[in-house]
Amino acid sequence: MRAVAVSAFGEQPQLMDLPQPEPGPGEVLVRLAAAGLNPVDWKLADGMFGDAVQAVFPLVMGTDGAGEVVAVGPGVRRFTVGDPVFGQFQRPERGGGSYCELAVADENSVAPAARSVTYATSAAVPTAGMTAYNLVEETRIGEGRRVLIVGATGGVGTFATQLAAGRGAEVIATARPSKAELMRTLGATETVDHTAGSVADQVLAAHPDGVDVLIDMTSGPEEFIELTRTVRDGGTAVSLIGSADADVLTEHNLRGFNFVNRPSPQLLDILAGHLDAGRLTVLVGREVPLEEAPEELAASRTGRAQGKTVLAI
């Protein structure tokens, strides 16, 4: 089968011809129609997680995917051949990922795909969508809460904006002027141009009483602390990239933590339900063929990618 893989950590991704995998106990084999690109994909391939990840090479890249079950392993009860599914396929200890024609997944890492959208749309959802849903849950966002989302125009940010707004929250999203209208259509009450000066100063000028929740996708530790000025006493501040210091936040009477995602098939079911009900918009910037994955990953590394990129397989 065709697959995009690396022969060692730090090597350049290449299109390879690899043996077809076979499902083991509790696993399903899926003929993938699409795979979603995520920053974690190239970070894993570059070896950025160190000894925390044990990998077999060649390592097929990619986490998210969607397609049709073509075989099931012993003990599988949730799926049968022909079922449309979406979810997470990255299993470095087995050398497997989603940038390929056929991929194996644990049956608890996938769920029935939404019926109202394409496989390409479904493939763009799992990692970013589950991250956003868990963020909204863990920060206790609800009606009447004011939320500042920094990095709102990215994959996780666009989902978090919609989910928070759907719960009745007032969402302030950082966005360049060219993306401001888009973020408002996704549910943001207002936007802040992060290129026009201090985000904290702009937010406090408009809202002297501050916000209840800060969700920060992008800032380093010093920038993160600066942004916590916007959070009211007793509020919550969360970093997605490890910038939160819980002790410092406690000193400022804030609840804060570095977010760690907890994926589950139940979350995938919830997201599929949101898609079928029309409550979640998925922004797919580009669909490209599998063989163009190496170039798209290079663009992702340098920040040149625009919107969510999906591989059509």
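These numbers come from a predicted model, not from an experiment.

### Structural notes on the pairing of strand 3 (residues 27-36)
The two faces of the sheet receive side chains in turn, since in a regular strand these alternate between them.
Thought 1: Taking burial as the measure, the ten residues of strand 3 include eight buried ones, the bulk of the element.
Thought 2: In terms of strand pairing, strand 3 meets strand 7 (residues 102-106) through five bridges, oriented antiparallel. Residue pairing for strand 7: arginine 31 is matched across the bridge by leucine 102.
Thought 3: Two strands pair when backbone bridges link them, and strand 3 and strand 5 (residues 64-72) are joined in this way by eight bridges, in the antiparallel orientation. Across the sheet, residue alanine 34 finds its bridge partner in strand 5, namely alanine 66.

### Section: the nonpolar core
Thought 1: In this structure, Phe86 and Ile141 are the most contacted members of the largest nonpolar core, which totals 46 residues.
Thought 2: Elements with a minimum of two residues in this core: helix 2 (119-123), helix 3 (126-138), strand 9 (146-150), helix 4 (155-166), strand 10 (170-174), strand 12 (211-216) and helix 9 (265-276).
Thought 3: Contacts of phenylalanine 86, omitting those with residues within four sequence positions, involve Gly65, Ala66, Ser109, Val110, Ala111, Pro112, Ala113, Ser122, Val125, Pro126, Leu268 and Ala272.
Thought 4: Within the second largest apolar cluster, 21 residues are counted, among which are Val30, Phe79, Phe89 and Ala105.

### Overview of a nonpolar patch on the surface
Thought 1: Judged by side-chain polarity, Val40, Met48 and Phe49 come together as a nonpolar surface patch covering roughly 260 Å² of accessible area.
Thought 2: Looking at where phenylalanine 49 falls in the secondary structure, it is placed in the loop between helix 1 (39-45) and strand 4 (59-60).

### A look at the pattern of salt bridges
Thought 1: By the definition in use, this model includes 15 salt bridges.
Thought 2: The partner of glutamate 170 in a salt bridge is arginine 146, and the shortest N-O contact between them spans 3.3 Å. With glutamate 170 in strand 10 and arginine 146 in strand 9, this pair connects stretches of sequence that are 24 residues apart.
Thought 3: Residue classification places glutamate 170 among the partly exposed positions, given a relative accessible area of 23%.
Thought 4: Note that glutamate 226 is salt-bridged to arginine 229, the shortest N-O span being 2.7 Å.
Thought 5: The class of glutamate 226 is partly exposed, set by a relative accessible area of 33%.
Thought 6: Classification of arginine 229 as partly exposed rests on a relative accessible area of 39%.
Thought 7: One salt-bridge network, held together by shared partners, links Arg146, Glu170, Asp209, Asp212 and Arg232.

### Some words on the packing of helix 3 against helix 4
Thought 1: One can describe the packing of helix 3 onto helix 4 by two numbers: an axis separation of 8 Å at closest approach and a directional angle of 45°. For the element pair helix 3 / helix 4, the angle class is oblique. The two elements helix 3 and helix 4 meet at a crossing, and its hand is right-handed. Judged by residue contacts, Ala128, Gly129, Thr131, Ala132, Tyr133, Leu135 and Val136 of helix 3 engage Gly155, Val156, Phe159, Ala160, Leu163 and Ala164 from helix 4.
Thought 2: Its residues assigned to classes, the contact of helix 3 with helix 4 comprises ten nonpolar, three polar and no charged.

### Some thoughts on the sheet that holds strand 14 (residues 255-258)
Across a sheet, strands are paired by hydrogen bonds formed along the backbone, either parallel or antiparallel in direction.
Thought 1: One open sheet holds the six strands; their spatial order is 11-10-9-12-13-14, and the pairing between them is parallel. Every interior strand has two partners, whereas the edge strands, strand 11 (190-192) and strand 14, have only one. For this sheet, the mean angle separating the axes of adjacent strands, direction not counted, is 15°.
Thought 2: Here strand 10 pairs with strand 11 via three bridges, running parallel.

### So, the packing of aromatic side chains
Thought 1: One pass over the full model with this rule turns up one aromatic pair.
Thought 2: Measuring from ring centre to ring centre gives 5.1 Å for phenylalanine 9 and phenylalanine 57, while their planes differ by 90°; the resulting arrangement is edge-to-face. Highlighted residues: phenylalanine 9 in the loop between strand 1 (2-6) and strand 2 (14-17) and phenylalanine 57 in the loop between helix 1 and strand 4, separated in sequence by 48 residues.
Thought 3: Note on phenylalanine 9: relative accessible area 31%, which makes it partly exposed.
Thought 4: Against the face of tryptophan 42 rests lysine 43, its NZ or CZ located 5.9 Å from the ring centre.

### With respect to the sheet that holds strand 2
Thought 1: Taking strand neighbours across the sheet as the criterion, the three strands line up as 2-1-4 in an open arrangement whose pairing is antiparallel. Since the sheet does not close on itself, it has two edges, and those belong to strand 2 and strand 4, each with one partner.
Thought 2: Bridge analysis of strand 1 against strand 2 gives four bridges, and the strand direction is antiparallel. Paired with alanine 5 across the bridge in strand 2 is glutamine 14.

### Considering the environment of alanine 103
Thought 1: Mapped onto the elements, alanine 103 comes out in strand 7.
Thought 2: Under the relative-accessibility criterion, alanine 103 is labelled buried at 2%.
Thought 3: Spatially, the C-alpha atom of alanine 103 lies 29 Å from that of isoleucine 241, the residues being 138 residues apart in sequence.
Thought 4: The contact partners of alanine 103, leaving out residues within four places of it in the chain, are Pro21, Val28, Leu29, Val30, Leu32, Phe89 and Gly97.

Conventions adopted
- Position numbers for residues start from 1 in each chain and track the written sequence from start to end.
- Confidence filtering applies because this is a predicted model: local features only for residues at pLDDT of at least 70, side-chain atom pairs given and counted only at 80 or more, and all residues used for totals across whole chains, interfaces and linings.
- Excluded from the side-chain calculations are hydrogens and water; all other atoms, namely the structure's heavy atoms, are used.
- Each residue is placed in one exposure class: buried if its accessible area under a 1.4 Å probe, protein chains only, is under 20% of its type's maximum, exposed if it is over 50%, and partly exposed if it falls in between.
- Put simply, DSSP H or I for four residues or longer makes a helix, DSSP E for two residues or longer makes a strand, and each gets a number counted from the N terminus.
- A pair of strands is treated as paired once DSSP finds two or more bridges between them.
- Definition used in this section: a nonpolar core is a set of buried Ala, Val, Leu, Ile, Met, Phe, Trp, Tyr and Cys residues joined via side-chain atoms within 4.5 Å.
- Here, residues are in contact when the closest pair of their heavy atoms is within 4.5 Å.
- Nonpolar side chains (Val, Leu, Ile, Met, Phe, Trp, Tyr) are joined into patches within 5 Å and like charges within 9 Å, using only residues with over 30% relative accessible area and no salt bridge.
- For accessible areas, the Shrake-Rupley method is used with a probe of radius 1.4 Å. Any residue's cover is judged against the shown protein chains and nothing else.
- For this document, the term salt bridge refers to a Lys or Arg side-chain nitrogen within 4 Å of an Asp or Glu carboxyl oxygen.
- To obtain an axis, a line is fitted to C-alpha atoms, over the contacting stretch when the element is a helix, and the angle between two such axes runs from 0 to 180 degrees between their N-to-C directions.
- Geometric relationships in this document are graded by angle, where less than 35 degrees denotes roughly parallel, more than 145 denotes roughly antiparallel, 65 to 115 denotes roughly perpendicular, and other angles denote oblique.
- Handedness of a helix crossing follows the sense of rotation of the near helix relative to the far helix, less than a right angle counterclockwise being left-handed and clockwise being right-handed.
- Classification convention: Asp, Glu, Lys, Arg as charged; Ala, Val, Leu, Ile, Met, Phe, Trp, Tyr, Cys, Pro as nonpolar; all other residues, Gly among them, as polar.
- Classification of ring pairs uses Phe, Tyr and Trp, with its six-membered ring standing for Trp, and accepts pairs whose centres are within 6.5 Å; under 30 degrees between planes counts as stacked, over 60 as edge-to-face, and the remaining range as tilted.
- Placement of a charge over a ring requires the Lys NZ or Arg CZ to be within 6 Å of the ring centre, with the centre-to-atom vector within 35 degrees of the ring normal.

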